[in-house]
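Residue strings, one per chain:
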Amino acid sequence: MLMLRDLQRLMADTLLGSSAPDEPGRDAPAQPAPALPALVSRPLLAIHRNTCVGTLGNALSLTFPAVLRLVGAGFFDTAAQEFMRAAPPRSACLDDYGQQFPEFLAHFPHAAGLAYLADVARLEWSVSRALHAPDAVPLDLTSLAALDPALVAAMHFVPHPGISLLRLDTPADIIWRAVLDEDDASLRAVDPAAGPVWLLVERAQAGIEVRRMEGSAWHFTQRLCAGVSLEAALAQPAAERCADFRLVLADHLASGRFIGFIPFTAARNA
């Protein structure tokens, strides 16, 4: 008799793995899976498999619409099904599914000639993350004014949960916009080798924004969002040092990109 865990694993393999239930035209797996209990209806299981694959594929297409348009439906469906087998969902929330898809595309043999594809997917995942991030109240700047000046240098900022910082080797932001705007002229004019780019992705009042940043400002921001102290964020190599970090920090604070801060004493005791 199969244990519940074994049955669940067998069901998962049947739904997303190579042991599809009696589908016409599908080659038999080299290593046959253990037989499902007789009480499991093979035709109904096939319907369930099609629903499962279709639902996950639709979730991926909604999260990565530019990738879908770049490669076409047939290529995308093939990649999506390979990805489902390699990385099945770990959560019932479909908005959480697809985080590993960009890295999958980066190593997908059939996409080897599309160096920009994984970068576009990385950008689209960050856009989805910003879109579905929980609401958070921006940092009250009066609380900073009341802080002991001696603690300012050692404080840690807490970024908004929807903020993402991307360093990409290709101009994925231009490609992404041109594809979604169906701007073929702009797409033809893109130089895929015109990188790298440093991007900030956020959900603003007007919607999702993708902003390019100078490399030095991006490195400064990345350190702040990673939870290092303000003093450590300022201690950048000369090649990365921001010309005026005060303006960058002021823009972040005014734009609500931080939702809190941790004084040095609290961070040390955490």
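1. A few points about the overall build of the chain
Logical step 1: Counting its secondary structure elements, the chain contains 14 helices and five strands.
Logical step 2: Classification of the 270 residues of the chain by burial places 39% in the buried group.
Logical step 3: At a minimum sequence separation of 6, the contacts of the chain that also span at least 24 residues come to 70%.
Logical step 4: Carbon and sulfur atoms make up 57% of the accessible area of the chain, which amounts to about 15200 Å² in all.

2. Let's talk about the nonpolar core
Logical step 1: Membership of the largest hydrophobic core comes to 40 residues, with the highest contact counts inside it found for Phe64, Val67, Phe76, Leu105 and Leu123.
Logical step 2: Secondary structure elements with two or more residues in this core: α2 (42-63), α3 (65-71), α4 (73-86), α5 (101-106), α6 (117-132), β2 (164-168), α9 (172-180) and β3 (197-204).
Logical step 3: The greatest single-element share of this core, amounting to seven residues, is contributed by α6.
Logical step 4: Residues within four places of valine 67 in sequence aside, it is in contact with Phe76, Leu105, Leu117, Val120, Ala121 and Glu124.
Logical step 5: Counting 19 residues, the second largest nonpolar core, distinct from the first, contains Leu165, Phe220, Leu230 and Leu249.

3. As for the pattern of salt bridges
Logical step 1: Under the criterion given, the structure shown has twelve salt bridges.
Logical step 2: Residue aspartate 173 pairs with arginine 177 through a salt bridge whose shortest N-O separation is 4.0 Å. Note that aspartate 173 and arginine 177 are positioned in helix α9 at a spacing of four residues, about one turn of the helix.
Logical step 3: Given the relative accessible area of 34%, arginine 177 is considered partly exposed.

4. Thoughts on the packing of aromatic side chains
Logical step 1: Counted according to the given criterion, the structure contains eleven aromatic pairs.
Logical step 2: When the ring of phenylalanine 76 is compared with that of phenylalanine 101, the centres are 5.8 Å apart and the planes differ by 70°; the resulting orientation is edge-to-face. Here phenylalanine 76 is found in helix α4, whereas its partner phenylalanine 101 is found in helix α5, with 25 residues between them in sequence.
Logical step 3: The exposure class assigned to phenylalanine 101 is buried, which follows from its relative accessible area of 0%.

5. Some thoughts on the side chain of serine 164
Logical step 1: By the element assignment, serine 164 lies in strand β2.
Logical step 2: Residue serine 164 is classed as buried on the basis of its relative accessible area of 8%.
Logical step 3: Of note is the side chain of serine 164, whose polar atom sits 2.9 Å from the side chain of arginine 129.
Logical step 4: Among all residues touching serine 164, those that are not within four sequence positions of it are Ser126, Arg129, Leu199, Leu200 and Val201.

Conventions we followed
Residues numbered from 1 in each chain as written. Predicted model: local features only at pLDDT ≥ 70, side-chain atom pairs only at ≥ 80, totals over all residues. Heavy atoms only, no water. Helix = DSSP H or I, 4+ residues; strand = E, 2+ residues; numbered from the N terminus. Buried < 20%, exposed > 50% of the residue type's maximum accessible area, 1.4 Å probe, protein only. Contact = heavy atoms within 4.5 Å. Areas by Shrake-Rupley, 256 points an atom, 1.4 Å probe, with all protein chains shown as cover. Core = buried A, V, L, I, M, F, W, Y, C linked by side-chain atoms within 4.5 Å. Salt bridge = Lys/Arg side-chain N within 4 Å of Asp/Glu carboxyl O. Phe/Tyr/Trp six-rings, centres within 6.5 Å; stacked < 30°, edge-to-face > 60°. Polar contact = N/O pair within 3.5 Å; in protein donor to acceptor, adjacent residues only side chain to side chain.

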